Amino acid sequence: MQEAKIADRSPDLTPIITQAEALQKKTNPKIYHILTKLINGKSTLRDLAIKMKKDVLTVTKSLLPFVQKGLIQFIKI
């Protein structure tokens, strides 16, 4: 698997949860709830940053550990 890096990620990509059950097991229930609420397959990284009142880089960095484990992917919509 190719290591996920921030430079590879466009703010126009949309995160999707690819392994919900594994994500739920590997995260705190509160974090899982927040992730499933925010990551709906319709919002881009830019949209999420606006919703979270954070910059795109911070949002992308926060998702990278999940991407590296194959639990979340970035797709074009």
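Whatever comes next refers back to the structure up there.
Residues numbered from 1 in each chain as written. Predicted model: local features only at pLDDT ≥ 70, side-chain atom pairs only at ≥ 80, totals over all residues. Heavy atoms only, no water.

Let's shift gears to the packing of helix 3 (residues 45-52) against helix 4 (residues 56-68). Interaxial distance between helix 3 and helix 4 falls to 8 Å at its minimum, and their mutual angle equals 105°. When the axis of helix 3 is compared with that of helix 4, the two are roughly perpendicular. Residue-level contacts link Leu45, Arg46, Leu48, Ala49 and Met52 of helix 3 to Val56, Val59, Thr60 and Leu63 of helix 4. When grouped by side-chain class, the residues that make up the contact of helix 3 with helix 4 number 7 nonpolar, 1 polar and 1 charged. (Axes fitted to C-alpha atoms, helices over the stretch in contact; angles between N-to-C directions. Helix = DSSP H or I, 4+ residues; strand = E, 2+ residues; numbered from the N terminus. Parallel < 35°, antiparallel > 145°, perpendicular 65-115°, else oblique. Contact = heavy atoms within 4.5 Å. Nonpolar A, V, L, I, M, F, W, Y, C, P; charged D, E, K, R; others polar.)

Here the focus is the environment of Ile72. Of note, Ile72 is situated in strand 2 (residues 72-75). Accessibility expressed as a relative area gives 1% for Ile72, which makes it buried. The spatial distance from the C-alpha of Ile72 to the C-alpha of Leu23 is 8.4 Å, given a sequence separation of 49 residues. With near-sequence residues (within four places) excluded, Ile72 lies in contact with Pro15, Ile16, Ile17, Thr18, Ile39, Leu63, Phe66 and Val67. (Buried < 20%, exposed > 50% of the residue type's maximum accessible area, 1.4 Å probe, protein only.)

Moving on to the nonpolar core. Within the largest apolar cluster, 16 residues are counted, with the highest numbers of intra-cluster contacts made by Leu23, Leu35, Val59, Leu63, Phe66, Ile72 and Phe74. Take this core: its biggest share by element is 5 residues, from helix 4. (Core = buried A, V, L, I, M, F, W, Y, C linked by side-chain atoms within 4.5 Å.)

A positive phi angle is found at Lys53, which is not glycine, with a value near 60°. Of note, Lys53 is situated in the loop between helix 3 and helix 4. Look at Lys53 and you get exposed, because its relative accessible area is 77%.

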